[in-house]
Every structure is written in C-alpha cells, then in structure tokens.
Amino acid sequence: MVALGYDCKTNNYKLLVGGESLFQVCSLGLNAWKRIENIPYRFYGGSQSGVLVNGDYHWLVKRRFSIVVVVSMNISNEKFKEMELPQEIRENDQSFNLGVLEGCLCSPVRDVDRNLELWVMQDYGVRESWTKRYTVKNIKGPYWRPIWSYVERDLF
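Residues numbered from 1 in each chain as written. Predicted model: local features only at pLDDT ≥ 70, side-chain atom pairs only at ≥ 80, totals over all residues. Heavy atoms only, no water.

(A) The arrangement of the pairing of strand β12 (residues 104-110) in detail. Burial analysis of β12 places six of its seven residues in the buried class, the great majority of the element. Two elements, strand β11 (residues 99-101) and β12, share three bridges in a ladder whose sense is antiparallel. What sits directly across from valine 100, in β12, is leucine 105. Taking the residues between adjacent antiparallel strands as the criterion, β11 and β12 are bridged by two residues, where glutamate 102 takes a positive phi near 55°. Here β12 pairs with strand β13 (residues 116-121) via five bridges, running antiparallel. Across the sheet, arginine 110 pairs through a bridge with leucine 116, a residue of β13. Between β12 and β13, which pair antiparallel in sequence order, lie five residues; one of them, arginine 114, sits at a positive phi of approximately 70°. (Buried < 20%, exposed > 50% of the residue type's maximum accessible area, 1.4 Å probe, protein only. Helix = DSSP H or I, 4+ residues; strand = E, 2+ residues; numbered from the N terminus. Pairing = 2+ DSSP bridges.)

Okay, structure coming up:
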C-alpha cells in the first residue's frame, strides 16, 4: 500500500507505505520515517493505493475472521479508524474495491452475473448511508473504479 498526502496542520507532505502488519509514514519536510506496527489488518486486493476522502486515506482490509471492512488513516494524527461496509457489499465477494464519486466514498461491486453496482456512502462514516446509486449490466473486465464524475452525473 502506498499513498501521498498533504498534512495541512503541519504544512508537510507525508508518504504512507504499508504491508501486512507494518505501516511507515515519512514526513517529507522533516525527512523522517515513523513506524506504526501491529496493524491488525490484511490489506484486501493486493497493492492498492489509498482513496482520499474527507482528509483521510481509505483502504479495504480484512480483519479477524476475514471480515472485509474499510479502514481509514488520518494524515495528521496518523491514527486508523474502521468503517463497516453494508451487508449487501460484504455478501458479494466477487469483485469490489473503493473509489470516490462526487466527493463521497464509493464501492463498485461486480456480481456473479457480471453486473456492476456502484454503492455510495452518502453520509461519511455512517454505515446505514451506503446507497446503491447505479447498476451497469454485463460489464467487461475484472476491475472497475470511477475516475471522474461530471455535474450532470455522467460517469467515467
């Protein structure tokens, strides 16, 4: 896992690098590394970069009992926080990841019928606010993440 972010509290860029149980943060302005050990998560989906929403980076991870959750890391205080996915996403373990749509955390989920459902967290941090916003039938390819959304709600 790798991410680069700006910490407005310290006026400094930070490079985040993570693995199985170790996370390292480099404060680029100070040229100093900090180790955060004993991370109780296994990062989901290989080497995925973090998704920046609400000033925090987010990743899909597996915690104990192999439950997939969203974990975020605050760039300023370098603390981790968990957010649960809705049952509908967790039950569909075919293919899903994280993205950003209109400033909101989102999760494109591909089901066994090759349909893509785009779930959006309407109210940040509130599990019950996840809403299925779009469905695309018979999508090709194993991996999908929104990269841009216009005001007219065209999705790319």
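(B) Representation of the pattern of salt bridges. With the rule as written, the count across this model stands at six salt bridges. When the shortest N-O distance is used, the salt bridge between glutamate 78 and lysine 14 registers 2.9 Å. A residue pair is termed long-range when its members are at least 10 positions apart, and glutamate 78 in the loop between β8 (67-74) and β9 (80-84) and lysine 14 in strand β2 (residues 12-18) qualify at 64 residues. The pair formed by glutamate 78 and lysine 14 is uniform in burial state, with each residue classed as buried. (Salt bridge = Lys/Arg side-chain N within 4 Å of Asp/Glu carboxyl O.)

(C) View of the pairing of β13. Counting buried positions along β13 gives six out of six residues, so the element sits mostly inside the fold. Residues Leu116, Leu118 and Val120 of β13 are buried on one face, and the alternating residues Glu117, Trp119 and Met121, pointing to the opposite face, are buried as well. As paired elements, β13 and strand β14 (residues 130-136) share six bridges and run antiparallel to each other. Among the inter-strand pairings, leucine 118 is bridged to a residue of β14, identified as tyrosine 134.

Note that every value here comes from positions in space, so none of it alone points to a role or purpose.
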